[in-house]
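Architecture and fold: a report
The primary structure of each chain is shown beneath.
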Amino acid sequence: MPATLTGTCPECETDLTVPPIVRGETLSCPECMLTLRVEDIDGERLDLEMVEVQLRDWGQ
Amino acid sequence: MKHRIAIVADRLGWEERRLIEAAPAAGIDAEWVNDESLGLGHRDAPAVRDHDLLLIRSRSYTRGGLAATLAEADGARVLNTASAIHTCENKLALRAVLRAAEIPVPDFRLVLSRKDYGRALEELGAPLVLKPVHGGMGKRVALVRDPDLAHSLYDYVEDLGHAFEQACLAEEYLGGGSVRCLVIGREIAAAAEFESAGTDWRSNAALGNRSRALGQDPEVRKVVDGVVDLLGPGIYGVDLFRTPDGYLVNEVNHAPAWRGVDSTTEADIASSVLRYVQEVLG
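Summarised in this report is the structure supplied together with it.

What counts, and at which threshold
- Residues numbered from 1 in each chain as written.
- Chains lettered and ligands numbered in written order.
- Predicted model: local features only at pLDDT ≥ 70, side-chain atom pairs only at ≥ 80, totals over all residues.
- Heavy atoms only, no water.
- Helix = DSSP H or I, 4+ residues; strand = E, 2+ residues; numbered from the N terminus.
- Contact = heavy atoms within 4.5 Å.
- Areas by Shrake-Rupley, 256 points an atom, 1.4 Å probe, with all protein chains shown as cover.
- Lys, Arg positive; Asp, Glu negative; His and termini not counted.
- Charge placed at Lys NZ, Arg CZ, Asp CG, Glu CD.
- Buried area = accessible area lost by both parts, 1.4 Å probe.
- Salt bridge = Lys/Arg side-chain N within 4 Å of Asp/Glu carboxyl O.
- Pairing = 2+ DSSP bridges.
- Axes fitted to C-alpha atoms, helices over the stretch in contact; angles between N-to-C directions.
- Core = buried A, V, L, I, M, F, W, Y, C linked by side-chain atoms within 4.5 Å.
- Buried < 20%, exposed > 50% of the residue type's maximum accessible area, 1.4 Å probe, protein only.
- Domains from an automatic or database assignment.

We now examine the overall build of chain A. When its secondary structure is counted, chain A shows 0 helices and 5 strands. Taken along the three principal axes of its C-alpha coordinates, chain A extends 35 × 25 × 15 Å. The long-range fraction of contacts in chain A, counting pairs at least 24 apart against all pairs at least 6 apart in sequence, stands at 23%. Counting only carbon and sulfur atoms, one obtains 47% of the accessible surface of chain A, whose full area is about 3,500 Å². The averaged location of the 13 negative side-chain charges in chain A is 6 Å from the averaged location of its 4 positive side-chain charges.

Have a look at this one:
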């Protein structure tokens, strides 16, 4: 796996570079603070989607 | 042949990442499957067709139980079972079946209205804990120490938009600590005592409170055995209250977090979960 992965925030279009991360994990955009989920990884490129910070019926 | 399992969740958290990292060494191919796009309802749904087992890790109480029910009905092997998830997802239903099985639980009342609430206050007295029937991670759990404040608090419950959010459970307050047992199969893989950290009376691991490891206490073992006999073997977070009369079961989480007990004990929970998955798959 590459040392870093890159992507673009779908909301504010900020270019992001992050340490290795896998499909399904989330990160916070440092610019607009939205929570983004990794939908797919193509080589070093992340496909990101905005998700709710927390669902109303979450529990653990 | 290498088994292929789906980790069903809306996103990967700390626990799911550990499972995916540990899977190859356990001879398992584990992949994340998004619980918001499973397309369940027929046997050719890829989540059912392409996996030997679905490990339900949805944080959503709504999605986890529904996905497990449909996948199981369509022939998939599911952990935890749909029956166990449905029993655990509603705190009140769980209390009722535990009590019917003579497993000790705190005294409680169902609160569906201000009248119910008033009666619970009279019968249980203050301090009293009011919490939603559905939910977790300590959210909206209130400690009512002062009867003068009690009805003002209920104003906020009445303002919630949906009847399912207004359904509450009132229970006696038993102190600020709890014992969290992480059960895998029938065994207690780790147990730790959580105490509130001072600024918040709640002791949930999700709220970042202090914890310490516990040995295998025979009293804890007996209560947990009763819970597992009722739900069937699986992966559970069993929360207990310690009282002078013994341990009481507070709740059972069907998709438990374990970062707290993992950091308190030497246990490698992810590997233990995967060994259990292999056992189930045979």
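Time to look at the interface of chain B and chain A. The interface of chain B with chain A comprises 24 residues on the first partner and 22 residues on the second. Carbon and sulfur atoms make up 44% of the surface buried where chain B meets chain A, a total of about 2,000 Å² over both sides. Sorting the residues of chain B by area buried against chain A places Arg11, Arg17 and Trp32 of chain B first, and these three jointly supply 32% of that buried surface. Here Glu36 of chain B makes a salt bridge to Arg37 of chain A, at a shortest N to O gap of 2.7 Å.

Residues and elements named next belong to chain B. Strand order in the open sheet formed by 4 strands is S5-S8-S6-S7, and the pairing between neighbours is antiparallel. Each having just a single partner strand, strand S5 (108-111) and strand S7 (142-144) make up the two edges of the open sheet. Across this sheet, the average inter-strand angle for adjacent strands is 25°, counted without regard to direction. Taken together, the 5 bridges between strand S6 (residues 128-132) and strand S8 (residues 168-172) define a ladder with antiparallel strand orientation. The partner of Lys131 across the bridge, within S8, is Leu169. Docked against the sheet, helix H5 (residues 91-100) engages S5, S6 and S8, running at close to 145° with respect to S5.

Time to look at the nonpolar core. Residues and elements named next belong to chain B. One finds Ile5, Leu19, Leu55, Trp258, Val273 and Val277 to be the most contacted residues of the largest nonpolar core, which totals 29 residues. For this core, the elements supplying multiple residues, two or more each, are strand S1 (3-9), helix H1 (14-22), strand S2 (28-34), strand S3 (53-56), strand S9 (177-185), strand S10 (187-195) and helix H11 (269-281). In terms of residue count, the dominant contributor to this core is H11 (7 residues). Counting contributing residues, this core receives three or more from each of domain 1 (3-87) and domain 3 (176-281). The residues contacting Leu55, other than those within four sequence positions of it, are Ala6, Ile7, Val8, Leu19, Leu79, Ile235 and Val273.

Turning our eyes to something else, we now look at the sheet that holds S3 of chain B. Sheet strands line up and pair through hydrogen bonds in the backbone, either parallel or antiparallel. All names here are of chain B. Taken in spatial order, the 4 strands line up as S2-S1-S3-S4 in an open sheet, and their pairing is parallel. Each end of this open sheet is capped by a strand with a single partner; those strands are S2 and strand S4 (78-79). In the sheet, S3 pairs with S4 via 2 bridges, with the strands oriented parallel. Looking at S4, one finds that Leu54 is bridged to Val78. Lying over the sheet, H1 contacts S1, S2 and S3, oriented at roughly 170° with respect to S1. Along the sheet, H11 makes contact with S1, S2, S3 and S4, crossing S1 at roughly 120°.

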